[in-house]
Amino acid sequence: MNTRGIYDRDGEVFGYVAGNQVFTLEGVLTGVIRDRVIYDLENERRWQIDGDALVNIRGEVEGYLGAPVSRDEW
């Protein structure tokens, strides 16, 4: 399975995506992806995925998804 880092606008990684699940760097599940939208565990919309950008509900870019990395490359 491929994973992708989640980066803030300053380029700092703060989480990752594995499949359709979103995790903290510590491996704690924090959300899921459905139809190019990331929802938190309370089913609240967190970000829209626009290309590699993570866009909040006001349309502002808050972060980015990194390139896919296979588990073998870790």
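Note that this is a predicted model, so its numbers are computed, not measured. (Residues numbered from 1 in each chain as written. Predicted model: local features only at pLDDT ≥ 70, side-chain atom pairs only at ≥ 80, totals over all residues. Heavy atoms only, no water.)

Caption draft 1: Structural detail: the overall build of the protein. A tally of regular secondary structure across the protein gives zero helices and nine strands. Scaling as 2.2 N^0.38, a compact globule of 74 residues should have a C-alpha radius of gyration of about 11 Å, and the protein matches this with 12 Å. Residues classed as buried in the protein amount to 32% of the 74 residues present. Pairs at least 24 apart in sequence give 26% of the contacts found in the protein among residues at least 6 apart. The protein carries 8 positive and 14 negative side-chain charges, and their two centres are separated by 4 Å. (Helix = DSSP H or I, 4+ residues; strand = E, 2+ residues; numbered from the N terminus. Rg over C-alpha atoms; globule rule 2.2 N^0.38 Å. Buried < 20%, exposed > 50% of the residue type's maximum accessible area, 1.4 Å probe, protein only. Contact = heavy atoms within 4.5 Å. Lys, Arg positive; Asp, Glu negative; His and termini not counted. Charge placed at Lys NZ, Arg CZ, Asp CG, Glu CD.)

Caption draft 2: Region of the structure containing the packing of aromatic side chains. Taken as a whole and judged by the stated rule, the model has two aromatic pairs. In this structure, R34 packs its charged tip against the face of Y39, placed 4.1 Å from the ring centre. (Phe/Tyr/Trp six-rings, centres within 6.5 Å; stacked < 30°, edge-to-face > 60°. Lys NZ or Arg CZ within 6 Å of the ring centre and 35° of its normal.)

Caption draft 3: A look at the environment of L29. Tracing the sequence through the fold places L29 in strand β4 (residues 29-34). Sequence separation between L29 and V69 is 40 residues; the distance between their C-alpha atoms is 19 Å. Contacts of L29, omitting those with residues within four sequence positions, involve Q21, V22, F23 and L41.

Caption draft 4: Representation of the side chain of N56 in the model. Turning to its location among the elements, N56 is positioned in the loop between β7 (53-55) and β8 (61-65). On the basis of relative accessible area, N56 is assigned to the buried category, the value being 7%. Beyond its immediate chain neighbours, meaning those up to four positions away, N56 contacts R46, W47 and E62.

Caption draft 5: Spotlight on the layout of surface pockets. When its volume is computed, the largest pocket comes out at roughly 160 Å³. Surrounding the largest pocket, 13 residues form its lining, F14, V22, T30, R46 and W47 being those nearest its centre. If you list the elements that add at least two residues to the lining of the largest pocket, you get β2 (13-18), β3 (21-24), β4, β5 (37-40) and β6 (45-50). The class makeup of the residues in the lining of the largest pocket is seven nonpolar, four polar and two charged. (1 Å grid on protein atoms, 1.4 Å probe; cavity = no way out; pocket = protein on both sides within 12 Å on 5 of 7 lines; lining within 4 Å. Points joined across faces, edges and corners; volume = space filled by probe spheres on them. Nonpolar A, V, L, I, M, F, W, Y, C, P; charged D, E, K, R; others polar.)

Caption draft 6: Local environment of a nonpolar patch on the surface. Where nonpolar side chains cluster on the molecular surface, the patch consists of Y7, V13, L25 and Y64 and spans about 340 Å² of accessible area. As for its position among the elements, Y64 is in strand β8. (Patch = residues over 30% accessible without salt bridge, like charges linked within 9 Å, V, L, I, M, F, W, Y side chains within 5 Å. Areas by Shrake-Rupley, 256 points an atom, 1.4 Å probe, with all protein chains shown as cover. Salt bridge = Lys/Arg side-chain N within 4 Å of Asp/Glu carboxyl O.)

The values reported here are purely geometric and, on their own, carry no functional implication.
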